[in-house]
Amino acid sequence: MTGASHGRDDYAWSGGWLSRVDPRVKIASVAGLLAVNLLAATFLVPLVISFAMLLLMVAGRVPYRRQLIMIAFPATFAIFIIASQTVFEGRAVFASLWFIDLHLDGLLHGIYLSLRVVSGALVVVVLGVTTPINRLCMALRWFRVPATFVEVVLLTYRYLFDIYAEYARMREAQRSRLGWTSAAAGLSSSRMLGGSLFLRVYERGLRSAEAMSCRGAGSLVSGNLPRPSRLDVGAGLATALLLVLLVVLALEGWR
Amino acid sequence: MHIPEGLIPAGQALAWYAPALAFIGTGLASLRKRFNELPQTRALVGLLGAFVFVISLMPVPVPGLGTVSHPCGTPLAAIILGPLTAIVLGAVALLLQALFFAHGGITTWGANVFAMAIGGSLAGFAAFRVSRRLGFGIGAAAGMAGFTGDLVTYAITALQLALSLHGQEPVTLVWAAAFASFLPTQVPLAIAEGLLTAGVVVFIARQRAELLAGVVMRP
């Protein structure tokens, strides 16, 4: 059910060493890093986390350029954060635009928040692109996430492929029949496309669900992952060291 | 627009997680019952989850804010499967988007679930029910659901941003500024989401009315 990939997680299915690290170790590491990232009020913590994540992607031969493009969304948000903080936060005015005062401490706080956003996004992306969805779901079950939730995660992931395949086929067919030549034709075609897509994918999914049920496939996801290997222990220790370093930096409060 | 990872302070992140988890828990209980009674609904649930994922990942730039906006998809799911199930689907879509597209985040997941999954589903479903009671046709009622769910989602997101970023200014002022900045993009998007929701619901009502068996078909 989840042996395919939608492009974002190609690396996860490639068998690279980062993809082989136990997902439980990864989830625990991500939780620790995100907590420190959120709680530490210093520029250094998000900078060190970002550097560590970039280093990890390079060392793991993850196609990092594609991941960095993905970070563009939270990075563009930085403009909004810096602008809002410069105006709303702080008291030390360094310039005025018409009637709006710009605050230096607000500007610094905005830069800090932006760094925190980018480093947090990098941590989450590393988890997402290096972990096959089925192993991630097994780890979620191990952490006692309800089985129904995990099942919906897998069902949703599976239907993404069906939707994409049907969409491409139907849109091409509509194009060849001049269904997108004007705004009115486009509106009518898109309504038809949305409804037909929904029903066709639904019927296909229903058939495959019945077939799987006939073959005795169960719906529950087990949380029985193999015992941690040396690689997992090493990854856990490396993260623990990084967390200690980050906590020390956070306690120093250097900003 | 999903709030990116790391933006909300830890206390607020936890505060948004609490109601999100409560609603998801209720939704999961309802979904478990549905799966036990009608196992074949798994296909519909998975499909709508994927629909919510795709619809809420279509970015449209917001002028002046330097960020992007998008439709929600949760009102459509709420009409077909009910608001509690739609909340679970919205939460799952947000989790997958955070992991694979850096769209949203893990610490901001609770806030995003509250805005898009809970706000969008409940407001959309309420708008649909009220419109049907007022005598609207099923298409018009679905359109109202899409429009309302979309705008309520953005009102909540703007409030969450204002609470995090207001600094020394009053929250209400920053909220009004953030919401006003979204309006030029969000009103056309809300209209588009209304049209899409109406189109899909009318198509299903004509072709496979049994899928809407739980929906109020008559005013």
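As a starting point, this report considers the structure included with it.

Cut-offs and rules
Residues numbered from 1 in each chain as written. Chains lettered and ligands numbered in written order. Predicted model: local features only at pLDDT ≥ 70, side-chain atom pairs only at ≥ 80, totals over all residues. Heavy atoms only, no water. Helix = DSSP H or I, 4+ residues; strand = E, 2+ residues; numbered from the N terminus. Buried < 20%, exposed > 50% of the residue type's maximum accessible area, 1.4 Å probe, protein only. Contact = heavy atoms within 4.5 Å. Areas by Shrake-Rupley, 256 points an atom, 1.4 Å probe, with all protein chains shown as cover. Salt bridge = Lys/Arg side-chain N within 4 Å of Asp/Glu carboxyl O. Phe/Tyr/Trp six-rings, centres within 6.5 Å; stacked < 30°, edge-to-face > 60°.

Turning next to the overall build of chain A. Within chain A one finds ten helices and two strands. Within the span of chain A, comprising 255 residues, buried residues form 47% of the whole. Restricting to contacts in chain A with at least 6 residues of sequence separation, those with at least 24 account for 73%. Summed over its atoms, the accessible surface of chain A is roughly 12,900 Å², and 66% of this surface lies on carbon and sulfur atoms.

A complete count under the given rule lists four salt bridges over all chains for this structure. Asp22 of chain A is paired through a salt bridge with Arg24 of chain A; the nearest N and O atoms lie 2.6 Å apart. When sorted by exposure, Asp22 of chain A lands in the same class as Arg24 of chain A, which is buried. Salt bridges sharing common partners tie together Glu203 of chain A together with Arg208 and Glu210 of chain B.

Take the packing of aromatic side chains next. Here a ring pair, both rings aromatic, is described through the centre-centre distance and the interplanar angle of the planes. Applying the stated rule across the entire model yields ten aromatic pairs over all chains. For the ring pair Phe43 of chain A and Tyr112 of chain A, a centre distance of 6.1 Å and an interplane angle of 80° mean the geometry is edge-to-face. Taken together, the residues Phe43 of chain A in the loop between helix 2 (23-39) and helix 3 (44-59) and Tyr112 of chain A in helix 6 (residues 104-130) connect sequence positions 69 residues apart. For Phe43 of chain A, a relative accessible area of 17% corresponds to the buried category. Under the relative-accessibility criterion, Tyr112 of chain A is labelled buried at 3%. Here the aromatic rings of Tyr17 of chain B and Trp109 of chain B are separated by 5.8 Å at their centres, their planes lie at 50°, and the arrangement is tilted. Of the two residues, Tyr17 of chain B is situated in helix 1 (residues 10-37) and Trp109 of chain B in helix 5 (residues 109-133); the sequence distance between them amounts to 92 residues.

Read these as layout, nothing more, since geometry by itself doesn't imply function.
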